[in-house]
Amino acid sequence: HNRTHSFPTRRSSDLMRNIAQNILKREKMSKRKSWYVIVIGSGRFGARLAGKLSYEDHSVVVIDTNETNFDNLPPEYTGFTIQGDATDVEVLKLAKAHKADLFLALTDDDNTNFFVSQVAKDIFHVPHVISRVYDPANLPLFHEFKIETITPVLLALSTANKMLEKIAEEDK
């Protein structure tokens, strides 16, 4: 018995609307200025963010001391990789740090992230520097030197608090 399935018109129009929205979103992203981005650290977070930026047509270079960490980069990543120590100014010169629009220090070590962020700001004059900070106790130092920060512990706590507030509201 041969059965032919057809999708309802409403579902087809929803699908077409989603496709059109995605095309428009992609066009809007492509009209945005393309950045030259340097990512320090190709762990789970650094690799995913590098992949996202690369997919959005930015020029991305990822630096990591451990070559196997480049395996974390997603298939859509089309940028460059440099195996090396980003605390070595010569490695940052090789990455053309002086041309960077955005510098992301995303290793799992606050000292490394602070040092390379300072070098990016003060030596290479990168206009936008963002650093991952694992220990919230280190935040005042980063802020004193005007380095933008991402702090996973604080982000997780904020999300957990929102969830707990939602549960508390439901229990009223």
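Rules and cut-offs
- Residues numbered from 1 in each chain as written.
- Predicted model: local features only at pLDDT ≥ 70, side-chain atom pairs only at ≥ 80, totals over all residues.
- Heavy atoms only, no water.
- Phe/Tyr/Trp six-rings, centres within 6.5 Å; stacked < 30°, edge-to-face > 60°.
- Helix = DSSP H or I, 4+ residues; strand = E, 2+ residues; numbered from the N terminus.
- Patch = residues over 30% accessible without salt bridge, like charges linked within 9 Å, V, L, I, M, F, W, Y side chains within 5 Å.
- Areas by Shrake-Rupley, 256 points an atom, 1.4 Å probe, with all protein chains shown as cover.
- Salt bridge = Lys/Arg side-chain N within 4 Å of Asp/Glu carboxyl O.
- Core = buried A, V, L, I, M, F, W, Y, C linked by side-chain atoms within 4.5 Å.
- Buried < 20%, exposed > 50% of the residue type's maximum accessible area, 1.4 Å probe, protein only.
- Contact = heavy atoms within 4.5 Å.
- pLDDT = per-residue confidence, 0-100.
- Pairing = 2+ DSSP bridges.
- Axes fitted to C-alpha atoms, helices over the stretch in contact; angles between N-to-C directions.

Draft legend 1. How the structure looks around the packing of aromatic side chains. Counted according to the given criterion, the structure contains two aromatic pairs. A ring pair is formed by F114 and F142, whose centres lie 5.3 Å apart and whose planes are at 80 degrees; its orientation type is edge-to-face. You can see F114 sitting in helix α4 (residues 110-122) and its partner F142 sitting in helix α5 (residues 139-144), a full 28 residues away along the chain. With centroids separated by 5.3 Å and ring planes inclined at 80 degrees, the aromatic side chains of F114 and F145 adopt a geometry described as edge-to-face. Of this pair, F114 sits in helix α4 while F145 is found in the loop between α5 and β6 (148-150), placing the two residues 31 residues apart along the sequence.

Draft legend 2. Summary view of unusual backbone geometry. Of note, the phi angle at D57 is positive, near 70 degrees, even though the residue is not glycine. With respect to the element layout, D57 can be found in the loop between α2 (44-55) and β2 (59-64). In this structure, K96 takes a positive phi of about 60 degrees despite not being glycine. Its location among the elements puts K96 in the loop between α3 (89-94) and β4 (102-105).

Draft legend 3. Representation of a nonpolar patch on the surface. On the surface, V153, L154 and L157 cluster together to form a nonpolar patch covering roughly 240 Å² of accessible area. Looking at where V153 falls in the secondary structure, it is placed in helix α6 (residues 152-170).

Draft legend 4. Fine view of the nonpolar core. Core analysis: the largest hydrophobic core is formed by 25 residues, its most contacted members being I38, I40, I63, L92, F103 and V126. Secondary-structure elements contributing two or more residues to this core are β1 (36-40), β2, α3, β4, α4 and α5. If you tally residues by element for this core, the top one is α4, at four residues. Setting aside chain neighbours within four positions, we find I40 in contact with I63, A86, L92, F103, L104, A105, L106, T107 and V116. Counting 13 residues, the second largest nonpolar core, distinct from the first, contains V37, L53, V60 and V62.

Draft legend 5. Geometry of the confidence of the model for the chain. Counting all residues, the mean pLDDT for the chain is 87, and 81% of those residues have values of 70 or more. Within the model, the stretch residues 1-12 combines pLDDT values under 50 with one contact to residues more than four positions away or in other chains.

Draft legend 6. Region of interest: the sheet that holds β6. Spatial strand order, β3-β2-β1-β4-β5-β6: six strands in an open sheet with parallel pairing. The sheet terminates laterally at β3 (80-83) and β6, the two strands that pair on one side only. Neighbour-to-neighbour, the strand axes of the sheet open up by a mean angle of 20 degrees, direction not taken into account. Strand direction decides the pairing type here: β2 and β3, joined by four bridges, are parallel. Among the inter-strand pairings, D64 is bridged to a residue of β3, identified as Q83. Contacts from α4 reach β1, β4 and β5 (128-132) within the one sheet, and its direction differs from that of β5 by about 175 degrees.

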